[in-house]
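This is what each chain is made of:
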Amino acid sequence: MTFELLTKDPNTKARRGRLQTQHGAIETPVFMPVGTQATVKAIMPDQLRDLNVEVLLCNSYHLFLRPGHETVARLGGLHRFMGWDRPILTDSGGFQVFSLNSLRDISDDGVRFQSHLDGSSHFLSPELAVDIQSALGSDIMMILDDCLAYPASHFDADRSMKRSLAWAQRCRKHFETVGPLYERPGDTRPARQLFGIVQGSIYPDLRRESAERLVAIDFPGYAIGGLAVGEPKPLMYEIIEQVEPYLPMEKPRYLMGVGTPSDLVEAVARGVDMFDCVMPTRHARNGWLFTKDGHIVIKHSKYKEDCEPVDSTCGCPVCRTYSRAYLRHLFLANEILSSVLNTIHNLHFYLDTIRRIRQFIEFHRFDDILAETRRTGAH
Ligand SMILES: [Zn+2]
């Protein structure tokens, strides 16, 4: 068993757990910064370690196209390549390929697409998605799924969900074949893992069927996919509530691509353990900084001579040293350090939010942080 459920909140579905991987344990709930091109933009791996980042998400699509998964494998795998010795979760590449719109063609066999870099043609099958992630040396891999846009009709969502299920089967079968090829003799670390992904758009009957049939295949963890794609927030929370009862209690649940700090709290309350989102890092580079009272836009003229830190309650190295005025100056001057410092602060804010969530669950007081989030409505 790689996942251990440590504590459950008595009043909500919030859980505190620990997931074992080849590159160490992940405490859950967990937030995974996104390292698209084998780097979290504007920040060094050492700084990520100092911020207590436990696991990164990297994108198969980008690494498949450049520098190529086989190149990364020959260079010793993704961990060595990017200088990161903690766990890595990779997506299957599906979401990026499906986002290409005019550049792709989907069939039951897989997706044909053109590279956004040079227009070259490629075919992504469930088997190749597993091969790419295996070659990268990912600790947690994701199945290839059919990512549907929102809104979608029940008919389209049904077809897409069933295609995703068929792909899940194929990924699982292929994973069992290629997985042992990457095992080293005598290695006692936990094996690499392949997670399933629940689809079914906004339709409860499809979500239920997807979850039940994935659980029958039996994965070590389950993601909820196809959310945060434009649907209203209350609907997203509702879908999580509908899916949750069909997911095994003793396996981790991962909500893909979500979200704001308050989304994390709301989803944890509904039984989610894992998150990834580009929001803290992308917003940082755009000068949008999270604080306990809501976000601030650092370029605003009111910060021109503001000596205060971004957030006076934040313990990050940026808030301990620099003023809003300085960060505003760096941003307006288009200095590289602007992205670096803003990224450190925003990631610290997210990781601190997750740390507080864990502590409140441990003390059986998760209600308090939930109430506080709903009262302040800061994010
Ligand atoms: Zn800070």
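Below you will find a few notes about this structure. In every chain, residue numbers begin from 1 and rise along the written sequence. This being a predicted model, a pLDDT of at least 70 is required before a residue's local features are given, and a value of 80 or more before pairs of side-chain atoms are given or counted; all residues contribute to the totals for chains, interfaces and linings. Working from all heavy atoms in the structure, the side-chain values ignore hydrogens and water.

1. A word on the packing of helix α10 (residues 261–269) against helix α15 (residues 366–376)
Here is step 1: Only the contacting stretch of a helix is used when fitting its axis, a line to C-alpha atoms as for every element, and angles between N-to-C directions run 0 to 180 degrees. Strands are runs of DSSP state E lasting at least 2 residues, helices are runs of H or I lasting at least 4, and numbering of each runs from the N terminus. Two elements in contact, α10 and α15, have axes whose closest approach is 10 Å; the angle formed by their N-to-C orientations is 140 degrees. Classified by the angle their axes make, α10 and α15 are oblique. Along this stretch, α10 crosses α15, giving a crossing that reads as left-handed. Across the interface between the two elements, Ser262, Val265, Glu266, Val268 and Ala269 from α10 touch Phe366, Ile369, Leu370, Thr373 and Arg374 from α15.
Here is step 2: Across the contact of α10 with α15, the residue classes tally to 6 nonpolar, 2 polar and 2 charged. We call two directions roughly parallel when the angle between them is under 35 degrees, roughly antiparallel when it is over 145, roughly perpendicular when it lies between 65 and 115, and oblique otherwise. Handedness of a helix crossing follows the sense of rotation of the near helix relative to the far helix, less than a right angle counterclockwise being left-handed and clockwise being right-handed. Any two residues whose heavy atoms approach within 4.5 Å at even a single point are treated as in contact. For this classification, Asp, Glu, Lys and Arg are treated as charged, while Ala, Val, Leu, Ile, Met, Phe, Trp, Tyr, Cys and Pro are nonpolar and the rest, including Gly, are polar.

2. Here we look at the sheet that holds strand β7 (residues 104–107)
Here is step 1: Pairs of strands are assigned from DSSP output, requiring at least two bridges between the strands. Ordered in space as β7-β8-β9, the 3 strands form an open sheet in which the pairing is antiparallel. Looking at the sheet topology across the chains shown, the edges are occupied by β7 and β9 (121–124). Going across the sheet, the axis of each strand differs from the next one's by a mean of 15 degrees, ignoring polarity.
Here is step 2: Strand direction decides the pairing type here: β7 and strand β8 (residues 110–114), joined by 4 bridges, are antiparallel. Across the sheet, Ser107 pairs through a bridge with Gly110, a residue of β8.
Here is step 3: Sheet strands in contact with helix α7 (residues 154–178) are β7 and β8, and its direction is about 80 degrees off that of β7.

3. Brief notes about the pairing of β9
Here is step 1: Both β8 and β9 contribute to a ladder of 4 bridges, which runs antiparallel. Across the sheet, residue Gln114 finds its bridge partner in β9, namely Ser121.
Here is step 2: In this antiparallel pair of consecutive strands, β8 and β9, the connection spans 6 residues, and Gly119 shows a positive phi of 80 degrees.

4. Focus on the packing of aromatic side chains
Here is step 1: We call Phe, Tyr and Trp rings a pair once their centres come within 6.5 Å, taking the six-membered ring for Trp, and we label the pair stacked below 30 degrees between planes, edge-to-face above 60, and tilted otherwise. A full pass over the atoms with the stated rule returns 7 aromatic pairs.
Here is step 2: Centroid distance Phe219 to Tyr222: 6.2 Å. Interplanar angle 90 degrees. Geometry classified as edge-to-face.
Here is step 3: Residue burial is assigned from relative accessible area. The probe radius is 1.4 Å, only protein chains are included, and a residue is buried under 20% of its type maximum, exposed over 50%, and partly exposed in between. Judged by relative accessible area, Tyr222 falls into the buried class, the value being 0%.
Here is step 4: Ring centres of Phe290 and Tyr350 lie 5.3 Å apart, and the angle between their planes is 75 degrees; on these two criteria the pair is classed as edge-to-face.

5. Here we look at the coordination of the zinc ion
Here is step 1: Distances from the zinc ion to its protein donors, namely Cys314 (SG), Cys316 (SG), Cys319 (SG) and His345 (ND1), fall within the range 2.1 to 2.3 Å.
Here is step 2: Shown as donors are all N, O and S atoms within 2.8 Å of a metal ion, widened to 3.2 Å for Na, K and Ca; because water is not in the atom set, sites may appear incomplete. Irregular is the default label, applied whenever a site is not tetrahedral (four donors, all angles between 85 and 135 degrees) and neither square planar nor octahedral (four or six donors, opposite donors over 155 degrees apart, all other angles between 65 and 115). Considering all 4 donor atoms around the zinc ion, angles at the metal cover 100 to 117 degrees and the coordination shape is tetrahedral.
Here is step 3: Counting residues between consecutive donors of the zinc ion along the chain gives the motif C-x1-C-x2-C-x25-H. Taken together, the residues span a long stretch of sequence, with Cys316 in the loop between β16 (294–297) and α12 (317–321) and His345 in helix α14 (residues 336–362) at a distance of 29 residues.

6. A short note on unusual backbone geometry
Here is step 1: Omega for the peptide link from Tyr150 to Pro151 comes to -5 degrees, which places this bond in the cis form.
Here is step 2: Tracing the sequence through the fold places Pro151 in the loop between β10 (140–142) and α7.
Here is step 3: Phi is positive for Asn334, close to 60 degrees, though the residue is something other than glycine.
Here is step 4: With a relative accessible area of 69%, Asn334 lands in the exposed category.

7. Structural notes on the pattern of salt bridges
Here is step 1: The term salt bridge refers to a pairing of a side-chain nitrogen on Lys or Arg with a carboxyl oxygen on Asp or Glu at a separation within 4 Å. Going through the model one piece at a time under the given rule, you end up with 28 salt bridges.
Here is step 2: The partner of Lys162 in a salt bridge is Asp158, and the shortest N-O contact between them spans 3.0 Å. Of this pair, Lys162 and Asp158 both sit in helix α7, 4 residues apart, roughly one helical turn.
Here is step 3: Asp158 gets classed as partly exposed once you look at its relative accessible area, which sits at 21%.
Here is step 4: Lys292 is paired through a salt bridge with Asp293; the nearest N and O atoms lie 3.3 Å apart.
Here is step 5: One network of salt bridges, in which partners are shared, links Arg16, Arg18, Glu27 and Glu362.

Geometric descriptors of this kind do not, in isolation, establish any biological role.
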